[in-house]
Amino acid sequence: MTIAASAISLGAFAQSEAFSGYFRVINAGYLNNGGKGVVTVSSPSTAQPTATMEEAIFDPGTVMYINAEQVGNRAETSAPYINISPNDLEVTLLRSQAVDAAQAVYGEVVNDVKELFATAITKFGLDEATQAQVLEDMFVNMKMYLEPNEDGTWYLKSSTPDLTPLANAIGMDPKEYTPDLMVAFIINKLRAEGQEEAAAQFEYFTARIHMSHTYYLIGGEVKTPITDKNLTEQAHDAGTEPFIGFANNTNYGAGSGLYPEIQVAGDYAKWILVPVDAQNPFKVEASLEGFQDKHHYTTGYFDFPFTYSGQTKAYKIVEQPVLGEFKTADDGSNPVAYVTLEECGGTVAAHTPVIIETALPTTAVLTPEGEPADEGDATIMKGIFFPQDFNDTGDLDADEFEYFAMPLGDSEFIARKLIRVFNTGKQSVNPLGFFKFNGTTIKANKGFIVLSEELANANVAIVDAQTYADGISEIATETKSNVVYDIQGRIVANPTKGLYIVNGKKVIK
């Protein structure tokens with residue numbers, strides 16, 4: 001499959017002066033060689049092109065919100081020491097799973113680079129706190145740009161680490177400061193300290209990305225320097241699993257015997273932007289079967305607002321669970337608390353944990369629409385973007401996991417005994433509900449309930465007048481004869497006109 005065919009079949013985004021919306025970012029080289037290549041944000045600091053297009057359909061971490069604006073002649077968009085042209089687009093936001101996806105990419109790519117700089121910085125007599133701050137400041141303002149290609153793909157390029165914070169920290173005269181002088185100064189300092197190997201590594205790296213030029217994000221890595229000899233050999237290494245590396249695009253000039261690394265990277269240096277739309281949708285798998293109606297259900301928690309229609313519905317839970325008088329059917333030891341579902345009306349705000357319903361087939365199509373947000377609608381449910389493990393204390397009731405509010409902020413520890421996850425069980429009010437959790441990991445992009453200490457032994461039943469009323473009859477058969485219950489499962493001493501449950505049957509008064 002050629003890159004041109006890939007771009008057409010995947011609906012590659014038409015290049016323009018500016019755009020924003022939800023996309024999947026795909027490395028053309030991996031896509032053409034094995035089918036992987038879709039970038040997935042799998043943790044707050046990890047983004048790699050490890051998903052196939054088929055996997056990406058069900059992976060929220062592949063849904064990226066991109067805002068990009070053409071550079072033009074606006075001087076304020078220029079980053080230090082990067083080659084950009086007026087036709088390039090500056091990526092002002094690349095977000096997925098409530099994290100800065102660009103920084104997640106950098107976190108993987110520049111880790112070795114940071115180690116090199118960390119070694120160099122120790123030679124300047126700075127205290128540890130200053131060293132740490134300088135290192136952070138050098139990498140925090142790295143910018144990402146899109147450079148259009150004629151075949152509809154993009155080069156994804158980045159500014160290099162900014163050496164200005166280090167120059168300022170060691171008192172270098174701003175009039176004398178240039179990236180090349182700073183690099184030479186660091187190399188000489190390392191050699192003066194007898195750190196010949198560190199100096200050689202630093203010199204090799206800075207020669208590759210040229211601190212006063214651009215480096216390009218690619219799939220895999222290239223073996224450098226690229227010369228006449230290895231230009232015809234396999235100079236690019238795609239690795240056993242897809243990963244993001246970097247390459248330069250430096251024109252060394254005729255007679256140098258050196259070639260731009262990006263030339264060797266080929267399609268691995270090219271990226272396809274595919275809109276998340278009807279042709280390339282986002283879906284969720286609803287595997288839990290409901291009561292009698294045979295619809296299927298799951299929970300979801302996403303960074304993006306979305307719409308739904310047709311056979312798909314979404315529900316949120318606004319009110320706190322209410323403890324009822326009934327027990328679960330299996331051993332009668334656990335009380336049942338009730339919650340009522342509230343239908344979302346076709347639109348769900350970002351950061352809102354919901355229950356998703358769909359008729360057969362068991363996949364629901366959700367359409368990202370609008371901008372990502374850090375807060376959602378009011379609900380008693382909590383949500384999680386990345387898997388979280390419990391701390392194994394040996395006592396199931398004492399187990400806790402660290403819950404992070406996203407974007408990353410303060411965390412709280414939640415005890416296992418208070419967590420209820422969406423599942424099917426033996427409780428009689430409805431096979432669907434929120435049950436005690438005995439696993440080891442809370443799954444990504446799921447919603448769950450955290451009970452109060454007063455309800456620590458309860459399971460949570462779902463009672464919704466329209467969807468689940470039929471399930472009330474089962475629980476009523478276990479109770480005293482002739483007792484009258486309303487559709488919420490509450491005893492009614494003096495029933496008036498309406499629908500009630502008597503001896504396990506619906507009765508209209």
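Going by the structure above, here's the rest.
The sections below set out a description of the structure shown in this document. Just so it is clear, the model here is predicted, and its values are computed rather than measured.

**Some remarks on the overall build of the protein**
For step 1, the next point in the chain: Counting its regular elements, the protein contains 12 helices and 36 strands.
For step 2, the next point in the chain: When burial is assessed residue by residue, the protein has 50% of its 509 residues classed as buried.
For step 3, the next point in the chain: Pairs at least 24 apart in sequence give 68% of the contacts found in the protein among residues at least 6 apart.
For step 4, the next point in the chain: When the accessible area of the protein is evaluated, it comes to approximately 23,100 Å², of which 49% is carbon and sulfur surface.

**Points about the sheet that holds strand S14 (residues 282–285)**
For step 1, the next point in the chain: An order of S14-S24-S17-S22 is seen for the four strands of this open sheet, with the pairing classed as antiparallel. Each edge of the open sheet is held by one strand with a lone partner, namely S14 and strand S22 (347–348).
For step 2, the next point in the chain: Of the pairings in the sheet, the one linking strand S17 (residues 306–307) to S22 comprises two bridges and is antiparallel in character. Among the inter-strand pairings, phenylalanine 306 is bridged to a residue of S22, identified as valine 348.

**Structural notes on the pattern of salt bridges**
For step 1, the next point in the chain: Enumeration over the complete set of coordinates arrives at 13 salt bridges.
For step 2, the next point in the chain: Between arginine 191 and glutamate 196 there is a salt bridge, with its nearest N and O atoms 3.2 Å apart.
For step 3, the next point in the chain: For glutamate 196, a relative accessible area of 45% corresponds to the partly exposed category.
For step 4, the next point in the chain: Glutamate 412 is paired through a salt bridge with lysine 382; the nearest N and O atoms lie 3.1 Å apart. Remark: lysine 382 occurs in strand S25 (residues 381–384) and glutamate 412 occurs in strand S28 (residues 411–415); sequence separation between them is 30 residues.
For step 5, the next point in the chain: Relative accessible area serves as the criterion here: at 35%, glutamate 412 is assigned to the partly exposed category.

**Quick notes on the environment of threonine 367**
For step 1, the next point in the chain: Within the secondary structure, threonine 367 sits in strand S24 (residues 363–368).
For step 2, the next point in the chain: A relative accessible area of 34% places threonine 367 in the partly exposed class.
For step 3, the next point in the chain: When the C-alpha atoms of threonine 367 and serine 309 are compared, they prove to be 9.4 Å apart, with 58 residues separating the residues in sequence.
For step 4, the next point in the chain: Here threonine 367 is in contact with Pro305, Phe306 and Thr307, once residues within four sequence places are set aside.

**With respect to the nonpolar core**
For soluble globular proteins, nonpolar side chains are generally found buried alongside one another.
For step 1, the next point in the chain: Ranked by internal contacts, the top residues of the largest apolar core, which has 58 residues, are Phe19, Ile66, Phe117, Leu146 and Phe202.
For step 2, the next point in the chain: Not counting the four nearest positions on each side in its chain, isoleucine 66 is found in contact with Phe19, Ser20, Gly21, Phe23, Val25, Val91, Leu93, Leu94 and Leu273.
For step 3, the next point in the chain: Judged by nonpolar contacts, the second largest core, of 19 residues, contains Tyr315, Val339, Leu341 and Ile462.

**Brief notes about the packing of aromatic side chains**
For step 1, the next point in the chain: All chains considered together, the criterion is met by 19 aromatic pairs.
For step 2, the next point in the chain: Here the aromatic rings of tyrosine 22 and tyrosine 65 are separated by 5.0 Å at their centres, their planes lie at 65°, and the arrangement is edge-to-face. Residue tyrosine 22 is located in strand S1 (residues 18–27), and its partner tyrosine 65 is located in strand S4 (residues 64–70); the two are separated by 43 residues in the primary sequence. Per residue, the accessibility class of tyrosine 22 equals that of tyrosine 65, and both read buried.

**Focus on the sheet that holds strand S31 (residues 441–442)**
For step 1, the next point in the chain: Ordered in space as S28-S27-S26-S31, the four strands form an open sheet in which the pairing is antiparallel. In this open sheet, the two edge strands, each paired with only one partner strand, are S28 and S31.

**So, the pairing of strand S5 (residues 89–96)**
For step 1, the next point in the chain: In terms of burial, S5 is a largely internal element, six of the eight residues being buried.
For step 2, the next point in the chain: Direction of pairing for S4 relative to S5: antiparallel, over a ladder of six bridges. Each bridged residue has a counterpart across the sheet, and for glutamate 69 the counterpart in S5 is glutamate 90.
For step 3, the next point in the chain: Where S5 lies against strand S6 (residues 99–100), two bridges are found, and the strand directions are antiparallel. Considered in S6, the bridge of serine 96 is made with valine 99.
For step 4, the next point in the chain: Linkage of S5 to S6, two consecutive antiparallel strands, is achieved through a turn of two residues, within which glutamine 97 is found at a positive phi near 55°.

Parameters at a glance
- Residues numbered from 1 in each chain as written.
- Predicted model: local features only at pLDDT ≥ 70, side-chain atom pairs only at ≥ 80, totals over all residues.
- Heavy atoms only, no water.
- Helix = DSSP H or I, 4+ residues; strand = E, 2+ residues; numbered from the N terminus.
- Buried < 20%, exposed > 50% of the residue type's maximum accessible area, 1.4 Å probe, protein only.
- Contact = heavy atoms within 4.5 Å.
- Areas by Shrake-Rupley, 256 points an atom, 1.4 Å probe, with all protein chains shown as cover.
- Pairing = 2+ DSSP bridges.
- Salt bridge = Lys/Arg side-chain N within 4 Å of Asp/Glu carboxyl O.
- Core = buried A, V, L, I, M, F, W, Y, C linked by side-chain atoms within 4.5 Å.
- Phe/Tyr/Trp six-rings, centres within 6.5 Å; stacked < 30°, edge-to-face > 60°.

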